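Single-letter residue listing:
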Amino acid sequence: MKLMEMDAQTLQFPDSSFNAVLLNLILSVVPDGKKCLQEAWRVLRPSGRIAIFDKFLPDHSRLTFSRGLLGGLIRQLGTDPNRRFGEMAKIIPEAIIVIDESAMLHGQYRAILLKKPNISS
């Protein structure tokens, strides 16, 4: 096993390389969370799983002016608290959501488990 440093938005692995991918507090800090999720999905094998723990603006809530302003300031520190997982997940409509639970702070942190269907599914 070796440690490799690379851009999470452009992984240097072939398609279907891994049985599992862990995205722990990454989708809110990479410049393009959708691209990162799409890359994780690309390198995932059929029947593989992606475990996600991150902060998201709850899909059912609206972005208030104050939260938008605060989010803009926080983004300068390197994290975006106003990303919505539902928007990110639209790029992989075939994903099976096995778990999507509030982890803390009234749904702002979520634990999500995605499964990639079998090719024959």
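These numbers come from a predicted model, not from an experiment.

(A) Local environment of the packing of aromatic side chains. Scanning the model with the defined rule gives 3 aromatic pairs in all. Ring geometry for F13 and F18: centres 4.9 Å apart, planes at 90°, overall edge-to-face. Consider the rings of F56 and F85, whose centres lie 5.5 Å apart with planes at 65°: the pair is edge-to-face. Taken as a pair, F56 in the loop between β2 (44–55) and α2 (65–75) and F85 in helix α3 (residues 85–89) lie far apart in primary sequence, 29 residues in all.

(B) Examining the side chain of S17 more closely. Assignment of secondary structure puts S17 in the segment before β1 (18–24). A polar contact of 2.4 Å, which involves the side chain of S17, links it to the backbone oxygen of P14. The contact partners of S17, leaving out residues within four places of it in the chain, are V43 and R45.

(C) Region of the structure containing the sheet that holds strand β3 (residues 96–104). Spatially, the 4 strands line up as an open sheet ordered β1-β2-β4-β3, and their pairing is mixed. Among the strands making up the open sheet, the edge pair consists of β1 and β3. Averaged over neighbouring strand pairs, the angle between their axes works out to 10° when direction is ignored. Judged from the 7 bridges that link them, β2 and strand β4 (residues 109–115) form a sheet pairing that is antiparallel. Note on β4: the bridge partner recorded for D54 is R110. Against the sheet, helix α1 (residues 33–43) touches β1, β2 and β4, its axis set at about 150° to β2.

(D) The pattern of salt bridges, seen in detail. All told, the structure shown has 4 salt bridges when counted by the stated rule. Residues E87 and K90 are paired through a salt bridge, measuring 3.0 Å at the closest nitrogen-oxygen approach. With a relative accessible area of 37%, E87 lands in the partly exposed category.

Parameters and conventions
- Residues numbered from 1 in each chain as written.
- Predicted model: local features only at pLDDT ≥ 70, side-chain atom pairs only at ≥ 80, totals over all residues.
- Heavy atoms only, no water.
- Phe/Tyr/Trp six-rings, centres within 6.5 Å; stacked < 30°, edge-to-face > 60°.
- Helix = DSSP H or I, 4+ residues; strand = E, 2+ residues; numbered from the N terminus.
- Polar contact = N/O pair within 3.5 Å; in protein donor to acceptor, adjacent residues only side chain to side chain.
- Contact = heavy atoms within 4.5 Å.
- Pairing = 2+ DSSP bridges.
- Axes fitted to C-alpha atoms, helices over the stretch in contact; angles between N-to-C directions.
- Salt bridge = Lys/Arg side-chain N within 4 Å of Asp/Glu carboxyl O.
- Buried < 20%, exposed > 50% of the residue type's maximum accessible area, 1.4 Å probe, protein only.

Don't take any of this as a statement about function, it's just geometry.
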